[in-house]
Amino acid sequence: MSRIGAATMRTLLVAALLGLTSCASPTPYQPMTDGQGYAQQQLEENRYRVTFSGNTATPRETVENYLLYRAAEVTVERGYDYFVLADNQVERIARAIRGERRGIPEARVREEVVRYGGDVLETLRGWFRPLEVIASLAPLLGLFGTVLGMIEAFRQLE
């Protein structure tokens, strides 16, 4: 293999590796974009739902810290002194079922269950992006290998 060919192949390999590693960076603390980041929704005058969705490279602890940080920001922005964690997703469905037993109208219970289901679907959709990236890159990496193999085969014919 010639010296120029080896340098070119090393450069291409490094570029491919850099491209792959850039896909695996954790979600930064940012407003919701493309299903990743934080969002808040006002539920009542002094009650908000704060959410954060991260990608597969974002550790759970980081997501929880971002949630708490965003809740603190919303608290200060609205002029309050403190915030209280009211529930988590697991409790929501249980509360809705208990609400039905306590005589809360079926329409309201149904609304809470549908809202919870929508949140779960949103979380699952957050996993689509990494899968799309993998599905897009796999054929390109195969093609890249084929091209490198053909280059090497033609070099050996010379």
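Above: the structure in question.
This write-up is about the structure you can find in this document. (Residues numbered from 1 in each chain as written. Predicted model: local features only at pLDDT ≥ 70, side-chain atom pairs only at ≥ 80, totals over all residues. Heavy atoms only, no water.)

Quick notes on the side chain of threonine 27
Assignment of secondary structure puts threonine 27 in the loop between helix H1 (3–22) and strand S1 (37–44). Under the relative-accessibility criterion, threonine 27 is labelled buried at 3%. A distance of 3.3 Å separates the side chain of threonine 27 from the side chain of glutamine 36, its partner in a polar contact. At a separation of 2.9 Å, a polar atom in the side chain of threonine 27 contacts the main-chain amide nitrogen of asparagine 55. Sequence-distant contacts of threonine 27, defined by excluding residues within four places in its chain, comprise Gln36, Gly37, Phe52, Ser53, Gly54, Asn55, Thr58 and Tyr66. (Helix = DSSP H or I, 4+ residues; strand = E, 2+ residues; numbered from the N terminus. Buried < 20%, exposed > 50% of the residue type's maximum accessible area, 1.4 Å probe, protein only. Polar contact = N/O pair within 3.5 Å; in protein donor to acceptor, adjacent residues only side chain to side chain. Contact = heavy atoms within 4.5 Å.)

Description of the pattern of salt bridges
Under the counting rule described, the total for this entry stands at five salt bridges. Put simply, arginine 47 and glutamate 44 hold a salt bridge, and the shortest N to O gap is 3.8 Å. Note on arginine 47: relative accessible area 32%, which makes it partly exposed. In this structure, the salt-bridge partner of arginine 78 is glutamate 77, at a minimum N-O distance of 3.2 Å. Among the charged side chains, a network of salt bridges with common partners joins Arg70, Glu73, Glu77 and Arg78. (Salt bridge = Lys/Arg side-chain N within 4 Å of Asp/Glu carboxyl O.)

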